[in-house]
Amino acid sequence: MSYRARVTIKRNGRILYREGKTFSRRRDAVTWGAKRDKELVAAVDAGDLELKEATGEAERNRTMPLRAVIDHYRAEYSASFGRTVGKDLALLARSQLASLPISEITSQDIVSHVKRRRDGY
């Protein structure tokens with residue numbers, strides 16, 4: 001089993017920085033996460049680390065529709081998943097949800113998609 005620690009810095013509700021690391025022991029993950037969080041907060045407060053909102057490629061990725069992300073994933077990793085996963089991804093790519101930019105998808109959008117799918121749309 002592995003444990004993933006993730007440190008995220010947000011300002012005004014937007015993610016400005018994210019870092020993660022995987023550990024074989026939970027205690028190591030928790031320790032690293034707490035230590036790294038303190039380091040980053042101290043650096044930001046001291047002015048040693050200026051965090052700016054992502055621009056360029058990261059910005060384009062946020063405005064990319066979910067369909068494009070699914071298509072890229074299918075092209076890149078299709079050999080690693082079975083027929084059912086492929087069909088589920090194809091169905092998701094044809095849904096209304098897939099037309100939304102990934103940064104604008106809300107939990108309500110996902111719930112609506114699941115309800116429509118459950119009802120056999």
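Residues numbered from 1 in each chain as written. Predicted model: local features only at pLDDT ≥ 70, side-chain atom pairs only at ≥ 80, totals over all residues. Heavy atoms only, no water.

(A) Just the nonpolar core, in detail. Listed in full, the eight residues of the largest apolar core are A5, V7, I9, F23, A29, W32, L40 and V44. Listed by contribution, the elements that provide at least two residues to this core are β1 (3-11) and α1 (26-46). Excluding anything up to four places from it in sequence, V7 contacts Y17, R18, E19, W32, G33, R36, D37 and L40. I70, F81, A93 and L97 belong to the second largest nonpolar core, which has seven residues in total. (Core = buried A, V, L, I, M, F, W, Y, C linked by side-chain atoms within 4.5 Å. Buried < 20%, exposed > 50% of the residue type's maximum accessible area, 1.4 Å probe, protein only. Helix = DSSP H or I, 4+ residues; strand = E, 2+ residues; numbered from the N terminus. Contact = heavy atoms within 4.5 Å.)

(B) Highlighting the confidence of the model for the chain. Per-residue pLDDT for the chain averages 83, and the proportion of residues at 70 or more is 87%. Of all the helices and strands in the chain, helix α2 (residues 57-63) carries the lowest mean pLDDT, 59, while helix α5 (residues 107-118) carries the highest, 92. (pLDDT = per-residue confidence, 0-100.)

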